[in-house]
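# A structural walkthrough
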Amino acid sequence: MLNTTNILYSLVLSLALITVSYLAGVLLDFTVSRFSGKKIANGIFWRTFGGLFFLVGLYAIFMTKGITILLPVPFLIPFLLRHTGAEQDKAPQGGNLIFYCLACFICQFFMYVLFINYAGPGEVKFIVGDFNIYNRIAEGLNSTGIESNTFSLYPKLRGEISPYHYGDLWFYALAAKCCPINPSMVFLVSFTVLSFIFSVGLYQFVQQKFAGYSSAKARFLYFLILSGLFTGFGIFFPNFILKSAEPYVLAVFNWGKVLVLACSLIAIILSLKEKAIVLCLITVLSGLLYINAIPAIFSSVFLLLVARKIRRDISWKELIGSMALAFGLPLVFLLVLYKGVPVLFKLPSTHTDGMDFSYFLSGPYVKTAINIFIGGWFQLFTLTPYLLILLIGLFLNNRSIKHHFKAAVHSDLVLLLFFLFFSGLLSWAVLHPIAVDTVQFFHNILAPLYAITISVILMYLLFTVSNKIIKGSILLCVGASVYLCATSNIFYVGKMKKDEWVKMEAFFGNGQRDAHFVNIHPINYYSFWSSKNADMYIPLMQMSYFWRNYQNVALMTPFVQVDKSRLYYKEEKNVIENTFFSKYYRSKNLEGVSDGTTICKEFISEYKPTYLCIPHDTVCPDFLRPAITDSLQLNTTKMTVYKMKN
């Protein structure tokens, strides 16, 4: 899918975005210095991280006219840069700095190129899964200016403002403005920039921890960090204990949203020595960029501050004041944004029956929550190889494990990492009835958490262990990490025969701005969560490669019955009711009517869709046949696509 021209364009654009973000951070540093009367000396991580999300926040504000969860971000970042720049970062200077940055940038970029561009003879690869959906949402943000996790090209069916992880989505939207039509390029650019910032931040942290070591070791250390970022851990999970356990731990680079969270975690870690209010505000920034992580991150920082209070490192006044200010004001902001703004500006709101809170007292809820919480601890097995090497290294160097355990208990870093695991798992267990994807409260915390943990373990051993056997084991772990990354995440790239792709190009054309699809599936198709979210997941993932915007409308959703005995009944019902055709169906006051022929005809007549998608095993309805001009059978997706008369 990526030719040489596109690869080079993506490489230049990635470097340009990193450079612009860094320069924006330098300008912010200079401005803050002038107003505060204090010299600010932030390093490359803070300047690039702060500059990037300052620009992303401004872009979101401009596109939404201020109705965005990122509204406070451009105001928070200068304050945080002022405090994080209190001391010079212990980082390499001059030529070494350029070497590290270029090595990081080039390694990560070309790893992504190899990952998504390798295909066998006669094959074409394309990105599938969540990123394709996020790419569509980002295009929806650009075209509508409405922060909705679903979007509609039909004005009457526009999505409502709703909370979601807009830190990465607005970055995708900004990158898409600079990219040609191929979404693989958005993938390349955004993931390269975000993983670069994460790795540089992790490198800066290690430099502070292990200052004074030789440049040769530091250089080797840098590539260990890269291996930490690229590790796939699923193979270490004990399937023989929990055969159906989910989610498996995957590599950090699978999703941009996880990388945004990874960058935020590094920012929190680098701020552990700052005042409680600064730490809390960086936590708030993380929550605004990735709202799904709010329960886990806020809880873990709160527990860390409580631990500090127990150690008498902070006062009750500082603990209560910082928590109230940092978390109270964002809560008010979110309530105003998602409750007050739709009423004030007469914006559409989500159709929902609400949550039955009596369920939280029922036996099934308690049983499921306990199973999730207990089963989740088995995820720690995925760290086993690295923890064993750490224990062996301590033993061979005559280190007191008891002494190190005591030191770890008093370490803010170790406590934070443990609290993140605990809080993420607890959030998932307690809140699992709220939404199907509450697993993200745990899963998306876990991936960057493990990348950080493994990198720190390997670096500690590299600098403290002299035994060649242990150093050899470290190298083996690095090689295994890179290999596991390549093998455990390959399913996020789809394949199809090249001749079929050529037929699609001839059938659909290329470069058209918008394309409207309707799809018809038998009722039994909607048995899974993803299929119920019919407007986003079907009919064809590949369509993003032909149009920046394409619109799905599933014509059967109003007639889908949701099983009340299912764990996520309420959430699945709300998803069905908020599909575009269900909204259209209700607008015609036809609720209760079981025959959809008339309403389907009316919808097609009013909105004139471009294409109709039907599975191979489903017969095209007679009333649609007069509107069909051409058809194409797709064996890869087992769909038939019909071209409709305009």
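Residues numbered from 1 in each chain as written. Predicted model: local features only at pLDDT ≥ 70, side-chain atom pairs only at ≥ 80, totals over all residues. Heavy atoms only, no water.

### Some remarks on the overall build of the protein
Applicable threshold: To qualify as a helix, a DSSP run of H or I must reach at least 4 residues; to qualify as a strand, a run of E must reach at least 2; elements of each kind are numbered from the N terminus. For the exposure calls, accessible area comes from a 1.4 Å probe over protein chains only, and a residue counts as buried if that area is under 20% of its type's maximum, exposed if over 50%, partly exposed in between. Residue contacts follow a heavy-atom distance rule, with two residues in contact if any of their heavy atoms lie within 4.5 Å. Only the protein chains shown count as cover for residues, and all accessible areas are computed by the Shrake-Rupley method using a 1.4 Å probe.
Along the protein, the regular secondary structure elements total 24 helices and 7 strands. Evaluated residue by residue, the protein yields a buried proportion of 58% over its 646 residues. For the protein, contacts bridging at least 24 residues in sequence account for 78% of all contacts bridging at least 6. Surface exposure of the protein reaches about 27300 Å², of which carbon and sulfur atoms provide 65%.

### Points about the pairing of strand S6 (residues 628-634)
Heads up, the rule is: Here a strand pair is declared whenever DSSP counts at least two bridges between the two strands.
As defined by bridge partners, S6 adjoins strand S7 (residues 639-644) across 6 bridges and the pair is classed as antiparallel. Of the residues in S7, the one forming a bridge with Asp-630 is Lys-643. Once S6 ends, the chain turns through 4 residues before running back antiparallel as S7, passing Lys-638 with a positive phi of about 55°.

### What to know about the packing of aromatic side chains
This is how it is decided: Planes of paired rings set the category: under 30 degrees apart is stacked, over 60 is edge-to-face and the rest tilted, where pairs are Phe, Tyr or Trp rings (Trp by its six-membered ring) whose centres lie within 6.5 Å. Throughout this description, the term charge over a ring refers to an Arg CZ or Lys NZ atom that lies within 6 Å of the ring centre and within 35 degrees of the ring normal.
Here the structure, examined in full by the defined rule, presents 22 aromatic pairs. An aromatic cluster of at least three residues, connected via ring pairs, comprises Phe-373, Trp-377, Phe-418, Phe-419, Phe-421 and Phe-422. The ring centre of Phe-507 lies 4.8 Å from the NZ or CZ of Lys-643, which sits over that ring.

### Quick word on unusual backbone geometry
Positive phi values are uncommon outside glycine, yet Lys-65 reaches one of about 60°. Since its relative accessible area comes to 79%, Lys-65 is described here as exposed. Positive phi, close to 65°, is recorded for Arg-312, a residue that is not glycine. Relative to the helices and strands, Arg-312 resides in the loop between helix H11 (294-310) and helix H12 (316-344). Taking the relative accessible area as the measure of exposure, Arg-312 reaches 74% and is therefore exposed.

### Describing the nonpolar core
Formally: Residues enter a nonpolar core if they are buried and are Ala, Val, Leu, Ile, Met, Phe, Trp, Tyr or Cys, with the set joined through side-chain atoms within 4.5 Å.
Among the nonpolar cores identified, the biggest contains 160 residues, and Ile-69, Trp-170, Ile-297 and Phe-517 are the most heavily contacted of them. Residue contacts for Ile-69: discarding those within four places in its chain leaves Glu-147, Tyr-166, Leu-288, Ile-291, Phe-333, Leu-334, Leu-337 and Tyr-338. In terms of nonpolar packing, the next biggest core, distinct from the first, is built from 20 residues, Phe-581, Phe-603, Tyr-607 and Leu-612 among them.

### A look at helix H2 (residues 44-64)
Counted only if it meets this: In this scheme, a helix's expected span is set at 1.5 Å multiplied by one less than its residue total.
The terminal C-alpha atoms of H2, which comprises 21 residues, lie 30 Å apart, in line with the 30 Å expected from a rise of 1.5 Å per residue. Where H2 terminates, the next one or two residues include Lys-65, which has phi positive at roughly 60°.

### Focus: the packing of helix H16 (residues 412-431) against helix H17 (residues 440-464)
Which entries qualify depends on this criterion: Note on method: axes are straight lines fitted to C-alpha atoms, helices fitted across the in-contact stretch only, with angles between N-to-C directions ranging 0 to 180 degrees. Throughout, the term roughly parallel applies to angles under 35 degrees, roughly antiparallel to angles over 145, roughly perpendicular to angles from 65 to 115, and oblique to all others. Should the near helix be turned anticlockwise from the far one by less than a right angle, the crossing is left-handed, and should it be turned clockwise, the crossing is right-handed. Amino acids outside the nonpolar list (Ala, Val, Leu, Ile, Met, Phe, Trp, Tyr, Cys, Pro) and the charged list (Asp, Glu, Lys, Arg) are all regarded as polar, and Gly is one of them.
For the pair H16 and H17, the least separation of the axes is 8 Å and the interaxial angle reads 165°. On the basis of their axis angle, the class for H16 and H17 is roughly antiparallel. When the axes of H16 and H17 are compared, the crossing they make is left-handed. Here Leu-417, Leu-420, Phe-421, Gly-424, Leu-425, Ser-427, Trp-428 and Leu-431 of H16 lie close against H17, whose contacting residues are Phe-441, Phe-442, Ile-445, Leu-446, Leu-449, Tyr-450, Ile-452 and Thr-453. When the residues that make up the contact of H16 with H17 are grouped by side-chain class, the tally is 13 nonpolar, 3 polar and no charged.

### Describing the packing of helix H6 (residues 166-178) against helix H9 (residues 256-270)
At a minimum axis separation of 8 Å, H6 and H9 run at an interaxial angle of 115°. Like other packed secondary-structure pairs, H6 and H9 cross with a definite hand, here right-handed. When H6 is examined against H9, the residues Gly-167, Asp-168 and Tyr-172 are found in contact with a partner set consisting of Gly-256, Lys-257 and Val-260. Its residues assigned to classes, the contact of H6 with H9 comprises 2 nonpolar, 2 polar and 2 charged.

### Things to note about the pattern of salt bridges
Put simply, the test is: The term salt bridge refers to a pairing of a side-chain nitrogen on Lys or Arg with a carboxyl oxygen on Asp or Glu at a separation within 4 Å.
Across all of its chains, the model carries 6 salt bridges by this definition. The residue Asp-412 makes a salt bridge to Arg-311 at a minimum N-O spacing of 2.7 Å. Taken together, the residues span a long stretch of sequence, with Asp-412 in helix H16 and Arg-311 in the loop between H11 and H12 at a distance of 101 residues. Taking the relative accessible area as the measure of exposure, Arg-311 reaches 24% and is therefore partly exposed.

### Brief notes about the confidence of the model for the protein
The criterion, for reference: The predictor attaches a confidence to each residue, called pLDDT, with possible values from 0 through 100.
When the pLDDT values of the protein are averaged, the result is 77; 76% of them are 70 or greater. When the elements of the protein are averaged for pLDDT, helix H8 (residues 215-229) gives the smallest value, 56, and H2 the largest, 94. In this model residues 237-253 is a low-confidence stretch, pLDDT under 50, and it forms 57 contacts with partners more than four residues away in sequence or in other chains.

### Quick notes on the pairing of S7
On any regular strand, side chains alternate: one points to one face of the sheet, the next to the other face. Counting buried positions along S7 gives 5 out of 6 residues, so the element sits mostly inside the fold. Both strand S5 (residues 611-615) and S7 contribute to a ladder of 5 bridges, which runs antiparallel. Of the residues in S7, the one forming a bridge with Ile-614 is Thr-640.

### Details of a nonpolar patch on the surface
Going by this rule: Surface patches are defined over residues having more than 30% relative accessible area and no salt bridge, joining like charges when they lie within 9 Å and nonpolar side chains (Val, Leu, Ile, Met, Phe, Trp, Tyr) when within 5 Å.
Residues Leu-102, Ile-106 and Phe-110 make up a contiguous nonpolar surface patch of about 250 Å² in total accessible area. Within the element layout of this structure, Phe-110 appears in helix H4 (residues 94-117). Residue Phe-110 is classed as partly exposed on the basis of its relative accessible area, which comes to 35%.

### Observations concerning helix H5 (residues 130-144)
Here H5 spans 21 Å end to end across 15 residues, near enough to the 21 Å set by a 1.5 Å rise per residue. Burial analysis of H5 places 13 of its 15 residues in the buried class, which makes it a mostly covered element. In the segment just after H5, Gly-145 is the residue with positive phi, at about 70°.

### Comments concerning the environment of Leu-23
Tracing the backbone shows Leu-23 in helix H1 (residues 4-36). Among the residues examined, Leu-23 registers a relative accessible area of 51% and is labelled exposed. Put simply, Leu-23 and Leu-52 are 29 residues apart on the chain and 9.5 Å apart in space, counted from C-alpha to C-alpha.

### Quick look at the environment of Asn-524
Locating Asn-524 in the fold gives a position in the loop between strand S3 (514-519) and helix H20 (529-532). Using a relative accessible area of 62% as the deciding quantity, one classes Asn-524 as exposed. Asn-524 sits 37 residues away from Gln-561 along the chain, and the two C-alpha atoms are 9.6 Å apart.

### A short note on the environment of Tyr-164
Relative to the helices and strands, Tyr-164 is located in the loop between H5 and H6. For Tyr-164, a relative accessible area of 14% corresponds to the buried category. Separated by 124 residues in the primary sequence, Tyr-164 and Leu-288 have C-alpha atoms spaced 9.3 Å apart. The residues touching Tyr-164, leaving out its near neighbours within four places in the chain, are Tyr-134, Ile-137, Asn-149, Leu-169, Ile-291 and Asn-292.

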